[in-house]
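Structure assessment
Below are the chains, spelled out letter by letter.
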Amino acid sequence: MECNAVFRTERAWIEVSAENLHHNVRVLQEAMPAGCELMAVVKCEAYGHGLRQVAEELKIAGVRAFAVATIEEGIKLREYGIQGEILILGYTDVRRAPELKQYDLIQTLIDFCYAKELNEQGVGVKVHIKIDTGMHRLGIPYHASSDVEQVFAMKHIKVYGMFTHLCCPDSRLLEDVAFTKEQIGNFYQLVDALKKNGIAIPKLHIQSSYGFLNYPDLHCDYARMGIALYGVLSSAKEDTVLSLPLRPVLSLKSKIVLIRNVSKGSSVGYGRAFTPERDSRIAILPIGYGDGFPRGLSETGASVRIKGHVAPVIGRICMDQLAVDITDAADAAVGDIATLIDGKTPELISAPSVAERFGSISNELLCRMGARLPVVVI
Ligand SMILES: *Cc1c(COP(=O)(O)O)cnc(C)c1O
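This paragraph deals with the overall build of the chain. If you tally the helices and strands in the chain, you get 13 helices and 18 strands. Taken over C-alpha atoms, the radius of gyration comes to 23 Å for the chain, in line with the 21 Å a tight globule of 378 residues would show. A total of 378 residues make up the chain; the buried ones form 54% of that total. Counting 41 positive and 44 negative side-chain charges, the chain places the centres of these two groups 4 Å from one another.

Around the ligand there are 13 residues in total, and K43, Y47, S209, R224 and I227 lie nearest to it. One of the backbone N or O atoms of G226 is found 2.9 Å from an oxygen atom in the ligand. Notes on the ligand: free accessible area 390 Å², of which the protein chains cover 89%. Among the residues forming the shell around the ligand, the class breakdown is five nonpolar, five polar and three charged.

For the rest of this paragraph, the subject is the pattern of salt bridges. Evaluation of the coordinates by the stated rule reveals 17 salt bridges. Where R96 meets E99, a salt bridge forms, and the shortest distance between an N and an O atom there is 2.9 Å. The exposure class assigned to R96 is partly exposed, which follows from its relative accessible area of 24%. Among the ionic contacts, a cluster of salt bridges with common partners joins R11, D291, D320 and R372.

To continue, consider the state of the cysteines. Under the criterion given, the structure shown has zero disulfides. C168 provides the cysteine sulfur closest to C167, a residue in no disulfide bond, and the two sulfurs are 4.7 Å apart. By relative accessible area, which is 35% here, C167 ends up partly exposed. Of the residues examined, C168 reaches a relative accessible area of 12% and is grouped as buried.

Here the focus is the packing of aromatic side chains. Across all of its chains, the model carries three aromatic pairs by this definition. Sitting above the plane of the Y160 ring, K126 keeps its charged end 5.2 Å from the centroid.

In this section: unusual backbone geometry. The backbone of A46 sits at a positive phi, close to 50°, despite the residue not being glycine. Within the secondary structure layout, A46 lies in helix α2 (residues 43-48).

A separate point is the sheet that holds strand β14 (residues 303-306). Read across the open sheet, the nine strands follow the order β12-β13-β16-β15-β14-β17-β11-β1-β18; overall the sheet is mixed. Among the strands making up the open sheet, the edge pair consists of β12 (258-262) and β18 (375-377). Neighbour-to-neighbour, the strand axes of the sheet open up by a mean angle of 35°, direction not taken into account. Bridge count between strand β11 (residues 250-255) and strand β17 (residues 337-341): four bridges; the pairing is antiparallel. Across the sheet, L252 pairs through a bridge with I341, a residue of β17.

To continue, consider helix α3 (residues 51-60). Of the positions making up α3, those classed as buried are L51, V54, A55, E57 and L58. In a view along the axis of α3, the buried residues occupy a sector of 165°, so they form one face of it. In this structure, the buried residues of α3 make contact with α1 (18-31), β2 (37-41), α2, β3 (65-68), α4 (71-79) and β18. Backbone geometry just downstream of α3 places G62 in the positive-phi region, at approximately 90°.

Interaxial distance between α1 and α3 falls to 10 Å at its minimum, and their mutual angle equals 50°. Between α1 and α3, the angle is such that the two are oblique. Remark: the crossing between α1 and α3 carries right-handed chirality. Contact with α1, carried on its side by A18, L21, H22 and V25, involves V54, E57, L58 and I60 of α3 and no other residues of that element. Residues of the contact of α1 with α3, tallied by class, amount to six nonpolar, one polar and one charged.

The rules behind the values
Every chain's residues receive numbers from 1 upward, in the order its sequence appears when written. Only residues with pLDDT of 70 or above have their local features reported here, since the model is predicted, and side-chain atom pairs are shown and tallied only from 80 upward, although totals for entire chains, interfaces and linings are computed over all residues. Side-chain metrics rest on all non-hydrogen atoms present in the structure, leaving aside hydrogens and water. Only runs of H or I of at least four residues qualify as helices and only runs of E of at least two qualify as strands under DSSP, and these elements are numbered from the N terminus. In this treatment the radius of gyration is a C-alpha quantity, and the globule benchmark scales as 2.2 Å times the residue count to the 0.38 power. Throughout this description, buried means an accessible area under 20% of the type-specific maximum (1.4 Å probe, protein chains only), exposed means over 50%, and partly exposed covers the range between. Under the convention used here, Asp and Glu are negative, Lys and Arg are positive, and both His and the chain ends fall outside the count. For this purpose, a charge sits on NZ of Lys, CZ of Arg, CG of Asp or CD of Glu. Put simply, a residue is near a molecule or strand once any heavy atom of it comes within 4 Å of that molecule or strand. We define a polar contact as two N or O atoms separated by no more than 3.5 Å, with the added condition that, inside protein, one atom must be a possible hydrogen donor and the other a possible acceptor, whereas residues neighbouring each other in sequence contribute only through side-chain atom pairs. Every accessible area reported is derived by Shrake-Rupley at a probe size of 1.4 Å, with residue values counting cover from the shown protein chains alone. Residue polarity follows a fixed list, in which Ala, Val, Leu, Ile, Met, Phe, Trp, Tyr, Cys and Pro are nonpolar, Asp, Glu, Lys and Arg are charged, and the others, Gly among them, are polar. We define a salt bridge as a contact between a side-chain nitrogen of Lys or Arg and a carboxyl oxygen of Asp or Glu at a distance within 4 Å. What counts as a disulfide here is a pair of cysteine sulfur atoms lying within 2.5 Å. Two rings from Phe, Tyr or Trp (for Trp, the six-membered ring) form a pair when their centres sit within 6.5 Å of each other. Planes less than 30 degrees apart are called stacked, planes more than 60 degrees apart edge-to-face, and all others tilted. Here, a charge over a ring is recorded when the distance from Lys NZ or Arg CZ to the ring centre is within 6 Å and its angle to the ring normal is within 35 degrees. Note: two strands are recorded as paired if DSSP finds a minimum of 2 bridges between them. Each axis is a line fitted through C-alpha atoms, taken for helices only over the stretch in contact, and angles between the N-to-C directions span 0 to 180 degrees. Here, the arc refers to the directions that run from the helix axis to the C-beta atoms. Any two residues having at least one pair of non-hydrogen atoms within 4.5 Å are treated as being in contact. Under this scheme an angle from 65 to 115 degrees is roughly perpendicular, one under 35 degrees roughly parallel, and one over 145 degrees roughly antiparallel; angles in between are oblique. By definition, any crossing whose near helix is turned counterclockwise from its far helix by less than a right angle is left-handed, and any crossing with a clockwise turn is right-handed.

That's the geometry; what it means functionally is another story.
Structure, rendered in structure tokens:
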């Protein structure tokens with residue numbers, strides 16, 4: 001697989017496993033309660049996996065509900081031939097209401113004033129109302145039920161859904177579980193208040209990946225799946241109530257374009273940050289932080305896999321290049337493929353463990369990759 005001719009002319013690329021993506025969709029759908037639909041979160045170039053490629057596969061898998069962060073991402077999905085529901089989770093300038101309608105996108109109402117302004121455009125836009133149940137980021141406060149009722153009565157807004165976002169669904173600490181349950185309770189308190197006043201309740205959703213994996217018994221109309229769909233968790237350590245056999249979808253690869261012999265005591269790269277303690281063989285890979293591989297890993301350590309060897313990244317990661325020490329990988333040669341991230345060596349180069357080493361989560365690591373690298377679906 002690693003020597004597929006398709007990749008021969010690329011300097012670095014993202015490999016997306018269609019099989020693993022389809023597998024994850026199946027596993028998640030099977031774990032979801034009856035009546036709950038998977039809403040695929042494909043913001044930020046599908047977490048760096050390539051929006052077009054991922055959307056096309058999800059369409060084949062029969063996924064009908066999508067979530068994005070911006071109107072541009074929503075428009076792109078339509079241009080890629082996606083016909084299902086597309087929810088924009090973030091802010092859109094209300095003056096773009098005609099585009100929301102033209103592309104049949106569902107806009108999140110981020111607060112009550114926003115709802116009024118969008119309604120005043122007089123366009124007729126589909127929306128989901130976001131409810132703030134404790135995150136204090138976006139949404140109408142859960143106790144402002146009369147505001148929410150007014151939104152249902154607005155003439156140029158059609159409410160198709162109502163949702164909230166949990167702020168610590170990943171944590172199993174007692175106090176965080178209690179907080180999450182309070183958030184869920186707040187949401188349903190509002191739902192009950194609306195019901196009492198005769199409001200027809202639209203589709204409801206609460207869970208993101210961790211919300212689903214740690215609170216799998218909630219019965220919602222959708223679960224908004226991001227990171228789990230891509231087959232990894234945010235961090236390496238966490239365990240979840242529901243543990244599913246998800247498979248990582250992305251591999252990050254490059255190839256050796258140069259090998260040089262560097263003698264003991266000389267240095268490699270910017271800042272002369274690496275001075276080998278023995279005569280060394282150094283391989284140059286044409287991939288860098290400009291492709292999303294974090295520069296911070298120069299300090300905390302990173303490794304790549306070449307022909308089954310694990311070779312350490314040495315010196316400072318540059319924008320477009322990095323160097324690895326292949327002294328102990330005697331058979332490594334120019335043209336060999338180096339894997340920087342994948343799911344096969346979890347302890348070293350899985351997305352969560354690489355992310356952890358630069359103080360972040362897989363979500364950030366992956367969504368940095370979308371800009372410059374070609375995506376190859378295998
Ligand atoms: C990004 C996002 C999600 C997906 O989160 P994951 O943890 O990746 O599953 C769900 N809901 C909202 C509101 C989001 O912004």
